[in-house]
Amino acid sequence: MNSEQPPRDALRPLRPLSSVGIPLLREERSRVQNRRLARAAIAGAVLALVGGGLAYRHYRAAAPAVVVDEPALGDVPPAAEPTPSDPTISAGAPDGALRPPVEPTPAHAADAPPPVEAGPAPRARGRYERTFGKSLSFGDALRKSGLLPSEADEVVASLTGVIDFRRMHPEDTFVIERGSPSLQHGGNAPFDEARLDRLEYRASPTQRYESVRAQDGKLVGRQIELSIDTVHVERGGIVEGQLGDALEGLKLGRALTGVFADVFSGKVNFSTETRRGDTFRVLLDEDHVEGEFLRYGTIYALEYQGERTGTVRAFWHESKHTEGDFFDEQGRAMHGGWLRTPLRYDHVSSGFGVRFHPVLKRKLAHDGIDYAAQSGTPVRAAAAGTVRTVGPRGPNGNLVTIAHANGYETFYCHLSRFAPGIKPGSRVKQRQLIAYVGSTGRSTGPHLHFALKRGGRFVDPNTQLNGPGLPLSARELPEYKLRVRELMGRLSNIPLEQPAPVTPPPATQPLDFDEEEEL
């Protein structure tokens, strides 16, 4: 070791030792103080940020829930205005479902989403309606109607064995009730405004089912027994424009126009021969359900008096020897071997012949007659025959084809559904129910496209289905004429009323194709 080399400690700069009580130099004290101030400022900023975040999370947890005003679907009744004691509509609940007021939650759980059941939330308290629509199943339709999956499963379970779930139709209706005080069973159970209390399924005006909350809290399904009330009607009126408007103005229903047109088809053309001042009288029964019109019952007598038509009358007759039909005063059937129209329609929306197609924008043959009628209107066979086709057929929609004697075929298009037992090869009688009016295929609204072929070519039904009817047998004629005398006396005593003005239905142009190529 070099004795001249200085010691290692001699190479370090001299500085005061903190472990001894030697005072710092002035410059050193200034630097230490600045470092302490900087560290304090940084620590204060960090504490401020942390404190602000905690305060914000506490505010979120303690703040009342925000009311979400979502638009109701369809005719859902609006919920009552929230009050401090009422349930509120929580923004965290799906679809604005009713929930109790939110209590403050711990800060560590404030951001956690509340547990919710998958699917649409139940609607607000009240009663609302939904249609089956294009749902894939009964349960799917219930969920689309606003039921939670668990509620839909409970309803399906309660109606299993009560309803045939395979026979659902788009126009079928659900009526849903929630929070009904009259249906809150159990006594000790707390009132729940959002609870599903009752669901009614309407398959038709006379077929209804319900799933209702029982005292044990479970849903119980059953079929609803409906009473059909028959009301006898005797009315007469004056025509101002169209016969359908006059019937509607007397609250007889525009569909009665189709009855007049069918019964007097060989004598009167109501599309061209009606005039202002013409009169009509009817004797008939109407079936009502819960005070609402359901359908026409027996139509006993019809009378029409017009400037161009003269006076025409028809009377219903049915016996063990004669199938029910309309006959004139002399006892001759109003129809020949065909039904002039296979349904009771509202109006003719398109006739037979060449027309300008509203979509294709060119002239095409319209090889049939379009009868506008309400969806679900019964369609009957125009004559006895053998069913050839039953099922969907492209633009025709649901189609029934019937082969008749003498090379005739009839076609019934755009049907909503088919009558039970109607299948290829089955025999049908004249007037037998075969299907129901719909709007399937290429169509803009419910109607029946009725077409007639003879020898493989389309012909106008109006010119082919008229003919003199057969008279009643000699043994039935005396009794029939006594009945006609009574009905004519009742018709003559009906006063003529001025119908109330009504808005006529809009003209429709169902989008039919060139049936001669398709059929």
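Now for a look at the structure at hand. The shown structure was predicted, so the numbers you read here are calculated from the model rather than taken from an experiment.

## Focus: the overall build of the protein chain
Reasoning step 1: The number of helices and strands found in the protein chain is 8 helices and 24 strands.
Reasoning step 2: Intrachain contacts of the protein chain at a sequence separation of at least 6 include 64% that bridge at least 24 residues.
Reasoning step 3: As displayed, the protein chain offers around 29200 Å² of accessible surface, 53% of which is attributable to carbon and sulfur atoms.

## Some words on the environment of alanine 141
Reasoning step 1: Along the chain, the position of alanine 141 falls in helix H2 (residues 138-144).
Reasoning step 2: Measuring from C-alpha to C-alpha, the distance between alanine 141 and proline 170 comes to 9.8 Å, with 29 residues separating the pair along the chain.
Reasoning step 3: Not counting the four nearest positions on each side in its chain, alanine 141 is found in contact with Phe132, Ser135 and Phe174.

## Re unusual backbone geometry
Reasoning step 1: We note that histidine 414 has phi near 70°; this positive angle belongs to a residue other than glycine.
Reasoning step 2: Note on placement: histidine 414 falls in strand S20 (residues 408-418).
Reasoning step 3: One non-glycine residue, arginine 431, lies in positive phi territory at about 75°.
Reasoning step 4: The topology assignment puts arginine 431 in the loop between strand S21 (427-428) and strand S22 (433-437).
Reasoning step 5: Taking relative accessible area as the criterion, arginine 431 reaches 22% and is therefore assigned partly exposed.

## Structural notes on the pattern of salt bridges
Reasoning step 1: According to the stated counting rule, one finds 27 salt bridges in the structure shown.
Reasoning step 2: For arginine 417, the salt bridge is made with glutamate 171, and the minimal N-O distance between the two is 3.2 Å. Of the two residues, arginine 417 sits in strand S20 while glutamate 171 sits in the loop between helix H3 (149-159) and strand S4 (173-178), which places them 246 residues apart along the sequence.
Reasoning step 3: Salt-bridge contacts for aspartate 197 lead to arginine 195; the nearest nitrogen and oxygen are separated by 3.1 Å.
Reasoning step 4: We classify aspartate 197 as buried; its relative accessible area is 0%.
Reasoning step 5: Its relative accessible area of 18% is what places arginine 195 among the buried residues.
Reasoning step 6: Taken together, the shared-partner salt bridges connect Arg127, Glu177, Arg198, Glu200, Arg202, Arg208, Glu210, Arg222 and Glu290 into one network.

Basis of the calculations
- Residues numbered from 1 in each chain as written.
- Predicted model: local features only at pLDDT ≥ 70, side-chain atom pairs only at ≥ 80, totals over all residues.
- Heavy atoms only, no water.
- Helix = DSSP H or I, 4+ residues; strand = E, 2+ residues; numbered from the N terminus.
- Contact = heavy atoms within 4.5 Å.
- Areas by Shrake-Rupley, 256 points an atom, 1.4 Å probe, with all protein chains shown as cover.
- Buried < 20%, exposed > 50% of the residue type's maximum accessible area, 1.4 Å probe, protein only.
- Salt bridge = Lys/Arg side-chain N within 4 Å of Asp/Glu carboxyl O.

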